[in-house]
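# Commentary on secondary and tertiary structure
So you can see what is in the structure, the chains are spelled out below.
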Amino acid sequence: KEDATFLQIYVGGQNKPLEITPDHLLYVQGNMLPIASGEVQVGDTLVGGNPGLPSPKVERIESVSRKGIYAPLTPGGNIIVDGILASCYNSQSEDWSPQAAEVDGIPNFVFSWHLISHVWLAPRRLICLGLSLKLCQPSEIPDEGLSDWAEVGEGVAEF
């Protein structure tokens, strides 16, 4: 497995940081859509995954190198990691910001990497989560951390 750059995002009230790749999507309060974690800044408030607890505020961000990348597949496309709500998907563009078409100042169609990835992976979720987990064993995921299905989608996004 190759080394990958991860961000360590330290938030108030937690002893250990959230480790996440810079292009992995996170939910930040005040944003309509998840943004790449590389866009998160100290002082931002992340969306917490535990109702009733204060929302986690970013206190420090560091960069580290680690082996291995993880790509969880969940029915809703989101996951709670260390009390923080994250998308299971990443950005496929250098322009990490979500896009929205507006009519009279009101967004009417939202283009986000989370939505596109969620729609693209719907057949895989149906197979893996609906039919049998045996069809999607971790051994099918190559060292780069992408399934064949996700790799095709990445190629389409680059086109």
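In this report, we go over the structure that sits alongside the text. (Residues numbered from 1 in each chain as written. Predicted model: local features only at pLDDT ≥ 70, side-chain atom pairs only at ≥ 80, totals over all residues. Heavy atoms only, no water.)

## Focus: the overall build of the chain
Each helix and strand counted, the chain has three helices and nine strands in total. When the helices and strands of the chain are placed in sequence order, the string is β-β-β-β-β-β-β-β-β-α-α-α. Counting only residues that meet the buried cut, the chain has 33% of its 159 residues in that class. Nonlocal contacts in the chain, meaning residues at least 24 apart in sequence, comprise 56% of its contacts between residues at least 6 apart. Surface accessibility of the chain: about 9,600 Å² in total, with carbon and sulfur atoms responsible for 56%. (Helix = DSSP H or I, 4+ residues; strand = E, 2+ residues; numbered from the N terminus. Buried < 20%, exposed > 50% of the residue type's maximum accessible area, 1.4 Å probe, protein only. Contact = heavy atoms within 4.5 Å. Areas by Shrake-Rupley, 256 points an atom, 1.4 Å probe, with all protein chains shown as cover.)

## A few points about helix α2 (residues 122–131)
Buried within α2 are the following residues: Arg 124, Arg 125 and Cys 128. Buried residues of α2, seen end-on, are gathered within an arc of 100° and therefore sit on one face of the element. Opposite the packed face of α2, turned more than 90 degrees from it, sit the exposed residues Leu 126, Gly 130 and Leu 131. (Arc of directions from axis to C-beta.)

## A closer look at the packing of aromatic side chains
Counted according to the given criterion, the structure contains zero aromatic pairs. Seen from the ring of Tyr 10, Arg 60 lies directly overhead, with NZ or CZ sitting 3.8 Å from the centre. (Phe/Tyr/Trp six-rings, centres within 6.5 Å; stacked < 30°, edge-to-face > 60°. Lys NZ or Arg CZ within 6 Å of the ring centre and 35° of its normal.)

## Remarks on the layout of surface pockets
The space that makes up the second largest pocket amounts to roughly 320 Å³. Considering the residues around the second largest pocket, the lining is formed by 17 residues, among which Phe 6, Glu 19, Ile 20, Tyr 70 and Val 81 are closest to the centre. Per element, the largest residue contribution to the lining of the second largest pocket is three residues, and it comes from strand β2 (residues 18–20). Split by residue class, the lining of the second largest pocket holds 10 nonpolar, three polar and four charged. (1 Å grid on protein atoms, 1.4 Å probe; cavity = no way out; pocket = protein on both sides within 12 Å on 5 of 7 lines; lining within 4 Å. Points joined across faces, edges and corners; volume = space filled by probe spheres on them. Nonpolar A, V, L, I, M, F, W, Y, C, P; charged D, E, K, R; others polar.)

## Examining the environment of Val 47
Position of Val 47 relative to the elements: it lies in the loop between β4 (35–36) and β5 (58–67). We classify Val 47 as partly exposed; its relative accessible area is 26%. Between the alpha carbons of Val 47 and Ile 80 there is a distance of 9.8 Å; along the sequence they are 33 residues apart. In contact with Val 47, other than residues within four places in its own chain, are Tyr 27, Val 28, Gln 29, Pro 56, Ile 84 and Leu 85.

## Quick notes on the packing of helix α1 (residues 113–120) against α2
The N-to-C vectors of α1 and α2 enclose an angle of 55°; their axes lie 4 Å apart at closest approach. Looking at the two axes, α1 sits oblique to α2. Here His 118, Val 119 and Trp 120 of α1 come into contact with α2, specifically with Ala 122, Pro 123 and Arg 125. Across the contact of α1 with α2, the residue classes break down as four nonpolar, one polar and one charged. (Axes fitted to C-alpha atoms, helices over the stretch in contact; angles between N-to-C directions. Parallel < 35°, antiparallel > 145°, perpendicular 65-115°, else oblique.)

## Things to note about the sheet that holds strand β6 (residues 78–81)
Reading across from one edge, β4-β3-β7-β6 is the order of the four strands in this open sheet, with antiparallel pairing throughout. Here the strands that pair on one side only, and so sit at the sheet edges, are β4 and β6. As judged from the four bridges shared by β6 and strand β7 (residues 84–90), these two strands associate in the antiparallel manner. Following the sheet pairing, Ile 79 is matched in β7 by Ala 86. Set on the sheet, α1 makes contact with β3 (24–26), β6 and β7; between it and β7 the angle comes to about 60°. (Pairing = 2+ DSSP bridges.)

## Thoughts on unusual backbone geometry
Glycine aside, a negative phi is what most residues show, and trans is what most peptide bonds show. Phi at Asp 82 is positive, roughly 50°, even though this residue is not glycine. With relative accessibility at 30%, the residue Asp 82 sits in the partly exposed group.

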